[in-house]
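A structural walkthrough
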Amino acid sequence: MFNNSDTDFETLVLLFRRASSLPELPGSALRLMHVIDSGSASAKDLEKIISADPGLSANLLRISNARVPGTAPNGVSTIRAAIMHLGQRSVRTLAVSLIMQQMSHGKDVAHEFEVDQFAKHSLYTAFLAKYLFARRNLATDFKSQFTADEIFAGGLLHDIGLALLARVSKESYFRIHSFAGRTRMTLDASFLKIYGKPLTELARSAVEAWDLPELFGMTLRYLNEPWHCPDEYTAMCCLNYANYLAQKFGPITEHWECTSALMPEVEAEMALPENEVATVLEHVEHQVAAYLNQEEPKAA
């Protein structure tokens, strides 16, 4: 047993609940989410926020043209047109992508934290979750308050606790990283073993401190226990299974080989045939590569 784990965990919770302890998020992304969640945002309101951020504007136009090719001779060329094509909920997902970029860049992190691998794993999980959600919805038309794009956003942020821990408490990250490496377990499992609480609980504290949409608090809360969320059981299983596939077949944040067990409930609900898994993974790898290539800042 590890000593003082409860005290250590509570100290981390306090750190994660203080906005001043957390990395500063892009103001434009937060404003965008808040105005959309207010329910009264117009296309003009969104256009004003997006146009004030060159990076956000460029990403919106890129994504819009990638998703609606051929809609105009020269593609989608204005912010207003892109908003109308994508819809507000997809625009909110774009704001989440900016948050993810913020977590995946910068040097003020624990030395052991693999920034590039973290970004790849998060994207891998996000694309897989979106595919699984859309596939299941097409097959059974199940009810969910989420869209496929919002499930993608949930996948992007499913491991945000790791990125935050590597910034907010480098010593704690070193601790779980060292133990995980010695025991060949995942970083999440190492955190749970040492602190007696899931890392997602810390991440939820940050989501509340940042005042992010409830979607992210829900996905973090039920990611590893989807049966506790019967109203969104299938959606949560999509995220859980996507994370399992990404951990088993995709890029991982750990330096060592480690696997997570597939929960029997999730397997019964979501498992794909082996031949489909191979096809989907190949497609997702191309999606992740394309996304990262387009997101990389260009040299001056």
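Because the structure is predicted, anything quoted here is derived from the model rather than measured.

Conventions adopted
Residues numbered from 1 in each chain as written. Predicted model: local features only at pLDDT ≥ 70, side-chain atom pairs only at ≥ 80, totals over all residues. Heavy atoms only, no water. Helix = DSSP H or I, 4+ residues; strand = E, 2+ residues; numbered from the N terminus. Buried < 20%, exposed > 50% of the residue type's maximum accessible area, 1.4 Å probe, protein only. Contact = heavy atoms within 4.5 Å. Areas by Shrake-Rupley, 256 points an atom, 1.4 Å probe, with all protein chains shown as cover. Phe/Tyr/Trp six-rings, centres within 6.5 Å; stacked < 30°, edge-to-face > 60°. Lys NZ or Arg CZ within 6 Å of the ring centre and 35° of its normal. Salt bridge = Lys/Arg side-chain N within 4 Å of Asp/Glu carboxyl O. pLDDT = per-residue confidence, 0-100.

**Points about the overall build of the chain**
Counting its secondary structure elements, the chain contains 16 helices and zero strands. Buried residues in the chain amount to 52% of all 300 residues. For the chain, long-range pairs separated by at least 24 residues make up 71% of all intrachain contacts whose partners lie at least 6 apart in sequence. When the accessible surface of the chain is totalled, it reaches about 14,600 Å², and 51% of it is carbon and sulfur.

**A closer look at the side chain of Thr 253**
Here Thr 253 shows up in the loop between helix H14 (233–249) and helix H15 (264–270). Leave out the neighbours within four places in its chain, and Thr 253 touches Phe 113, Glu 114, Gln 117, Phe 118, His 121, Tyr 173 and Leu 187.

**Brief notes about the packing of aromatic side chains**
All chains considered together, the criterion is met by seven aromatic pairs. Ring geometry for Phe 113 versus Tyr 173: centroids 5.6 Å apart, planes at 90°, classification edge-to-face. A residue pair is termed long-range when its members are at least 10 positions apart, and Phe 113 in the loop between helix H6 (88–103) and helix H7 (115–140) and Tyr 173 in helix H10 (residues 170–183) qualify at 60 residues. For the pair Phe 113 and Tyr 173, a shared accessibility class is recorded, and that class is buried. Within the aromatic cluster, the residues linked to one another by ring pairs are Phe 9, Phe 191 and Tyr 195. Between Lys 130 and the ring centre of Phe 152, over which it is positioned, the NZ or CZ distance is 5.8 Å. Directly above the ring of Tyr 195 sits Arg 175, whose terminal nitrogen or CZ lies 5.2 Å from the centroid.

**Examining the environment of Ser 21**
Along the chain, the position of Ser 21 falls in the loop between helix H1 (5–17) and helix H2 (27–37). Sequence-wise, Ser 21 and Arg 167 are 146 residues apart; in three dimensions their C-alpha atoms are separated by 9.1 Å. Residues in contact with Ser 21, not counting those within four places in the same chain, are Leu 15 and Val 168.

**Topic: the environment of Cys 237**
Positionally, Cys 237 belongs in helix H14. Taking relative accessible area as the criterion, Cys 237 reaches 0% and is therefore assigned buried. For the pair Cys 237 and Glu 269, spaced 32 residues apart in sequence, the C-alpha separation works out to 7.2 Å. Ignoring sequence-local partners within four residues, the contact set of Cys 237 consists of Pro 226, Val 266, Glu 269 and Met 270.

**Focus on the environment of His 111**
Relative to the elements of secondary structure, His 111 occurs in the loop between H6 and H7. When its relative accessible area of 76% is taken as the criterion, His 111 is described as exposed. Remark: the alpha-carbon pair of His 111 and Tyr 173, spanning 62 residues in sequence, is separated by 9.4 Å.

**Concerning the pattern of salt bridges**
Throughout the structure, instances matching the rule amount to five salt bridges. Close ionic contact of Arg 175 with Asp 8 constitutes a salt bridge, the shortest N to O distance being 3.3 Å. Note that Arg 175 is positioned in helix H10 and Asp 8 in helix H1, a separation of 167 residues in sequence. Judged by its relative accessible area of 26%, Arg 175 falls in the partly exposed class. Of the residues examined, Asp 8 reaches a relative accessible area of 25% and is grouped as partly exposed. A salt bridge links Asp 149 to Lys 130; the nearest nitrogen and oxygen atoms lie 2.9 Å apart. Residue Asp 149 is located in helix H8 (residues 148–156), and its partner Lys 130 is located in helix H7; the two are separated by 19 residues in the primary sequence. Classification of Asp 149 by relative accessible area gives buried; the value is 11%.

**Topic: the confidence of the model for the chain**
Taken over all residues, the pLDDT of the chain has a mean of 83, while the share at 70 or more is 89%. In the model, residues 1–6 has pLDDT below 50 throughout and makes seven contacts with residues more than four positions away in sequence or in other chains. Confidence drops under a pLDDT of 50 for residues 68–73, and excluding neighbours within four residues, the segment shows four contacts in the predicted structure.

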